[in-house]
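The residues making up each chain are set out below.
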Amino acid sequence: WVSSQQRPASFPPREPSLLPWIGSAISYFSDPHGFLARCHKRHGPVFRLLLGGRNVIVVSSPATIFAIYASDIAVPGFTHNQVFRAVIGREQQRTKFDLERDIFPVLDQTLSRRSLGALTRSLAQIMFAKIEHLTQVQETQISIMPLLTKPLYDALNDILLGERFASGTFEDFYILDASMPKRLTGEPFWFFPSMQARKRIFSRLLDYVAGSQGENEGLIGGKFVKALRQSDVSQNEQACHLLAFVWGTHANTQGVLIWMFLFLFMDPVAFHAIRNEIDGAIKDVFGDLQGFLADADPTNLDGPHFALLTSAIVETMRLTVKIMGLRVASRDFDLKDGDKTIRVRKGEWLMGNVDAAHSEESSYPDNQKFVYDRFANCDQREGKWPTEGKPWFSMGSGRHVCKGKYVAMYELKISAILFLHLFDITPVGGAPAPWWPLPPQRRIIGIPHADEVVVQVRPRDWTK
Ligand code: HEM
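As the structure is a prediction and not an experimental result, all values here were calculated from the model.

**Q** It is not clear to me how the environment of T310 should be interpreted in this structure. Could you clarify?
**A** The topology assignment puts T310 in helix 18 (residues 307–320). Classification of T310 as buried rests on a count of 26 C-beta atoms within 10 Å. Between the C-alpha atom of T310 and that of F375, which follows or precedes it by 65 residues, the distance is 7.9 Å. Aside from chain neighbours lying at most four places away, what touches T310 is F375, Q380 and P386.

Printed below as a string of structure tokens:
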């Protein structure tokens, strides 16, 4: 007792665990957000955990999370290899191909805000063509997931990969994606349906790479295949890389889109305010729907005309996207946390507690609530992200900020505008269930899967 009294208190404090090697992994993976919140309460904003043999330092203050993401000493620990392994079910084969070196520059070039024009010229039109038939029927009942995300999935594949991979894989993608939380954390699961679904998408991608039609096929697909071929990657392995890319392109955007509509169903005031804003902007900025379809450039969707919609999108992400990008220290270094210094050792893992940052009461009063106009008065001039200066990490930040940040925002806006402008959408069975907040057992590390909600879709009167 005496010696423990004399030992200097270690900083950061360590969360005790009885299990060697496993440490706190079971508590963490069964309710990541709840577990971190309990540790935060016990130890304060910085603490250490043992997670499956890894020493992880968790920090919660936004300034320290920003510092980690900006640092070149803290390198991504949850890399693309892990996404590959989760989607494909095995490690990448060793080849000369390097995703960051060979494909990231293509993404930077194609998906940067400035070059988005080529992508955005047709997205609204292709999507409209895919949902126009719903304006001809009086009423239809359909699950919200395919309603909202299938047209977007098909349209984006058409643009990014080209016509040959434009349609026919949505249902299988959905089955595969549903198994991803378990695939990523290595939990056992009933894998047969998801393996079969993966096999079917894979065989489509194998045909795609075998019949590749040159580097200009789609905005990214042709260049991706060319880079893989130049690195002597086999066709089988090429299809695997493309499959991991397809998952990364769609999964998060789909999750956010569904959650935004669920939040709007639960908040009729928000629903009507955003729809009024959309109707007004289509009239004032574009003249009518045809004008919008012809000219839905990202610059026309920024600014005050869509301030509420933009705000609702980033607010949906604040609540649902709390991806805690892990980093590994590539050498020893000192990390400042307010007036304290955290000594980080080479090989230690660092985790930003994004949940704590997104729940800061001083930045986000009533922080567990969906407040659709929370960001409406922030600076939303062209190209500005309304969360600048706020503790908001849904797209990461710093060196490895999301490469699809602008395209994702654009896709979400186009989808919301088309669906809210064209249709009345209501959950079947009257008053919607309170889908939020989620019970602890449904909180996962990525975006939680939303319930299957069946909605009634009716064309709005003006479409007749
Ligand atoms: C709402 C949709 C999306 C969300 C919430 C999202 C979220 C994120 C987050 C949080 C990170 C950083 C992870 C970390 O720090 O370790 C990230 C990275 C990345 N995202 Fe996204 N993402 C979305 C859409 C997209 C899309 C549409 C694409 C591609 C078309 C994309 C491509 C990437 C890539 C390539 C990276 C890795 C960047 C790097 O390591 O340098 N994302 N995303």
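Next, the rest of the story.
**Q** Explain the sheet that holds strand 10 (residues 454–459) here, please?
**A** Within a sheet, adjacent strands bond to each other through the backbone by hydrogen bonds, running parallel or antiparallel. The three strands are arranged 4-10-9 in an open sheet whose pairing can be described as antiparallel. Of all the strands in the sheet, just strand 4 (140–143) and strand 9 (423–427) have a single pairing partner and so form its edges. The average undirected angle you get between the axes of adjacent strands in this sheet is 30°. Note that strand 4 and strand 10 share four bridges and pair antiparallel. Pairing of I142 across the sheet is with V455, part of strand 10. Taken strand by strand, helix 9 (residues 144–161) contacts strand 4 and strand 10, and its axis lies near 80° from that of strand 4.

**Q** Just checking my understanding: could you explain the site of the ligand for this structure?
**A** As a matter of local geometry, the ligand sits amid 22 residues, with N252, G325, G396, C402 and G404 nearest to it. For the shell around the ligand, the secondary-structure elements that each account for two or more residues are helix 7 (104–111), helix 14 (235–266) and helix 20 (405–422). In terms of residue count, the dominant contributor to the shell around the ligand is helix 14 (five residues). For the shell around the ligand, the class distribution of residues is 12 nonpolar, nine polar and one charged.

**Q** Before we go on, may I ask you to explain the nonpolar core in this structure?
**A** General note: in soluble globular proteins, nonpolar side chains tend to be found buried as a group. Counting residues in hydrophobic clusters, the biggest one holds 124 residues, and the most contacted among them are L243 and M260. Considering each element in turn, this core owes the most residues, 18 residues, to helix 14. Those residues in contact with L243 that lie beyond four places of it in its chain are V87, I88, I201, F202 and L205.

**Q** Explain unusual backbone geometry to me, please; I cannot follow it from the model alone.
**A** Comment: phi is negative for the bulk of residues other than glycine, and the bulk of peptide bonds are trans. Residues W436 and P437 are joined by a peptide bond in cis, for which omega reads 0°. Following the sequence through the fold, P437 ends up in the loop between strand 9 and strand 10. Its identity is not glycine, yet W21 carries a phi of approximately 60°, on the positive side. Although it is not a glycine, D232 sits at a positive phi angle of roughly 60°. By secondary structure assignment, the location of D232 is in the loop between helix 13 (221–230) and helix 14.

**Q** Please explain the UniProt feature "binding site: heme" (unreviewed entry) in the protein as it appears in this structure.
**A** Under the feature "binding site: heme" (unreviewed entry), the UniProt entry names C402. Structurally, the position occupied by C402 is in the loop between helix 19 (354–358) and helix 20. With 18 C-beta atoms packed within 10 Å, C402 lands in the partly exposed category. Excluding residues within four positions of it along the chain, C402 makes contact with M395 and G396.

**Q** Whenever I open this one, the packing of helix 12 (residues 192–210) against helix 14 confuses me. Can you help?
**A** Packed helix pairs are characterised by how far apart their axes lie and by the angle those axes make with each other. Relative to each other, helix 12 and helix 14 sit at 120°, their axes nearing to 8 Å. In this structure, helix 12 crosses over helix 14, and the sense of that crossing is right-handed. Taking contact as the criterion, the partners of I201, F202, L205, L206, V209 and A210 in helix 12 are, on helix 14, Q235, N236, Q238, A239, L242 and L243.

**Q** Help me understand helix 20, please; the structure alone is not making it clear to me.
**A** Within an α-helix, residues lying three or four positions from one another point in the same direction, as the helix has 3.6 residues per turn. Spanning 18 residues, helix 20 covers 26 Å between terminal C-alpha atoms, matching the ideal 26 Å at 1.5 Å per step. The element helix 20 is largely enclosed, with a buried count of 16 among its 18 residues.

**Q** Teacher, can you tell me more about the confidence of the model for the protein here?
**A** Detailed reading of predicted coordinates is not advised where the pLDDT is low. For the protein, per-residue confidence averages 93 on the pLDDT scale, and 98% of positions sit at 70 or higher. For residues 1–8, every residue scores under 50 in pLDDT, and the model assigns this stretch zero contacts once sequence neighbours within four places are set aside. ipTM for the predicted complex: 0.99, alongside a pTM of 0.95.

**Q** Please explain the packing of helix 10 (residues 170–178) against helix 12 as it appears in this structure.
**A** Put simply, helix 10 and helix 12 touch, their axes get as near as 8 Å, and they point 135° apart. Regarding the angle of helix 10 to helix 12, the classification is oblique. Pair helix 10 / helix 12 crosses with left-handed handedness. Note on element contacts: helix 12 touches helix 10 through P193, S194, A197, R198, R200 and I201, opposite D172, F173, I175 and L176. When the residues that make up the contact of helix 10 with helix 12 are grouped by side-chain class, the tally is six nonpolar, one polar and three charged.

**Q** Looking at this structure, I do not really get helix 9. What am I missing?
**A** Compared with an ideal rise of 1.5 Å per residue, which puts 18 residues at 26 Å, helix 9 spans 25 Å between its outermost C-alpha atoms and is within 8% of the ideal. Burial within helix 9 is extensive, with 15 of its 18 residues counted as buried. Phi turns positive one or two residues past the end of helix 9, at G162, with a value near 100°.

Parameters and conventions
- Residues numbered from 1 in each chain as written.
- Predicted model: local features only at pLDDT ≥ 70, side-chain atom pairs only at ≥ 80, totals over all residues.
- Helix = DSSP H or I, 4+ residues; strand = E, 2+ residues; numbered from the N terminus.
- Buried ≥ 20, exposed ≤ 12 C-beta atoms within 10 Å, placed from the backbone.
- Contact = placed C-beta atoms within 7 Å.
- Pairing = 2+ DSSP bridges.
- Axes fitted to C-alpha atoms, helices over the stretch in contact; angles between N-to-C directions.
- Near = placed C-beta within 6 Å.
- Nonpolar A, V, L, I, M, F, W, Y, C, P; charged D, E, K, R; others polar.
- Core = buried A, V, L, I, M, F, W, Y, C linked by C-beta atoms within 7 Å.
- UniProt positions renumbered as here; feature names shortened; annotations may be inferred.
- Left-handed = near helix turned anticlockwise from the far one by under 90°.
- Expected span 1.5 Å × (residues − 1).
- pLDDT = per-residue confidence, 0-100.
- Parallel < 35°, antiparallel > 145°, perpendicular 65-115°, else oblique.

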